[in-house]
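In case you want the letters, here they are:
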Amino acid sequence: MVANDVPTGDCLFCRIIDGEIPATKVAENGQVLAFRDINPKAPTHVLVIPKRHVANVVGLAAVSATELQAVFAMAGRIAIEEGLDAGYRLVVNTGAVAGQTVFHAHLHLIGGRELPE
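Owing to the predicted nature of the structure, the values given are computational and were not obtained by experimental measurement.

## Here's the deal with the packing of aromatic side chains
Note on aromatic pairs: each is described by the distance of the centres and the angle between the planes.
Okay, so step 1: Going through the model one piece at a time under the given rule, you end up with one aromatic pair.
Okay, so step 2: On the basis of an interplanar angle of 75° and a centroid distance of 5.6 Å, the ring pair of Phe13 and Phe35 is categorised as edge-to-face. Linking Phe13 in helix α1 (residues 12–17) with Phe35 in strand β2 (residues 32–36), this pair joins segments that are 22 residues apart in sequence. Residue Phe13 shares its accessibility class with Phe35, and that shared class is buried.

Below, the structure is given as structure tokens:
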């Protein structure tokens with residue numbers, strides 16, 4: 001296991017991927033799932049996650065650069081579809097000290113208003 005990792009059966013995002021917990025899906029393909037954050041920080045706040053359980057994006061990069069690229073590509077596509085032409089933020093928290101609360105690699109796509117520095 002990777003540091004801060006949890007068994008996949010206990011992982012909130014794995015349970016969303018498996019359909020055990022409902023989520024408002026935005027996009028999905030064979031490698032990636034994107035869904036709306038339940039506690040949005042802006043009008044658009046989408047979580048983009050790999051379907052593979054890895055604790056964080058650094059771990060995902062180590063096991064599959066292709067899947068990491070797929071996560072970022074989907075985030076970019078969703079940003080266009082959501083009309084975020086003026087700009088958006090991609091946020092990745094790695095580790096509890098940085099604010100990561102679900103130890104399954106993910107990024108936050110945030111936009112739809114001016115974001116503070």
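## A few points about the nonpolar core
Okay, so step 1: Of all hydrophobic cores here, the largest spans 19 residues; its most connected members are Ala34, Val48, Met74 and Ile78.
Okay, so step 2: Put simply, the parts of the chain that give this core at least two residues each are β2, β3 (44–50), α2 (57–63), α3 (65–81) and β5 (107–111).
Okay, so step 3: Here this core gets seven residues from one element, more than from any other, and that element is α3.
Okay, so step 4: In this view, Val48 contacts Val32, Leu33, Ala34, Val71, Met74, Ala75, Ile78, His106 and Leu107; residues no more than four positions away in its chain are not counted.
Okay, so step 5: Residues Cys11, Phe13, Phe35 and Ile49 belong to the second largest nonpolar core, which totals ten residues.

## Considerations on the pattern of salt bridges
Okay, so step 1: Under the defined criterion, the tally for this structure stands at six salt bridges.
Okay, so step 2: The partner of Glu28 in a salt bridge is Lys25, and the shortest N-O contact between them spans 3.2 Å.
Okay, so step 3: Here Glu82 and Arg36 are joined by a salt bridge, their closest N and O atoms 2.7 Å apart. Of this pair, Glu82 sits in the loop between α3 and β4 (88–91) while Arg36 sits in strand β2, and the two are 46 residues apart along the sequence.
Okay, so step 4: The class for Glu82 is partly exposed, based on a relative accessible area of 27%.
Okay, so step 5: Taken together, the shared-partner salt bridges connect Lys25, Glu28 and Lys51 into one network.

## Re the sheet that holds β4
Okay, so step 1: Taken together, the five strands give an open sheet; going across it, the order is β1-β2-β3-β5-β4, and neighbouring strands pair in antiparallel fashion. Unpaired on one side and paired on the other, β1 (25–28) and β4 mark the two borders of the sheet. Neighbour-to-neighbour, the strand axes of this sheet turn through a mean angle of 20°, independent of strand direction.
Okay, so step 2: Direction of pairing for β1 relative to β2: antiparallel, over a ladder of three bridges. Considered in β2, the bridge of Glu28 is made with Leu33.
Okay, so step 3: Docked against the sheet, α3 engages β1, β2, β3, β4 and β5, running at close to 155° with respect to β3.

Definitions and limits used
Residues numbered from 1 in each chain as written. Predicted model: local features only at pLDDT ≥ 70, side-chain atom pairs only at ≥ 80, totals over all residues. Heavy atoms only, no water. Phe/Tyr/Trp six-rings, centres within 6.5 Å; stacked < 30°, edge-to-face > 60°. Helix = DSSP H or I, 4+ residues; strand = E, 2+ residues; numbered from the N terminus. Buried < 20%, exposed > 50% of the residue type's maximum accessible area, 1.4 Å probe, protein only. Core = buried A, V, L, I, M, F, W, Y, C linked by side-chain atoms within 4.5 Å. Contact = heavy atoms within 4.5 Å. Salt bridge = Lys/Arg side-chain N within 4 Å of Asp/Glu carboxyl O. Pairing = 2+ DSSP bridges. Axes fitted to C-alpha atoms, helices over the stretch in contact; angles between N-to-C directions.

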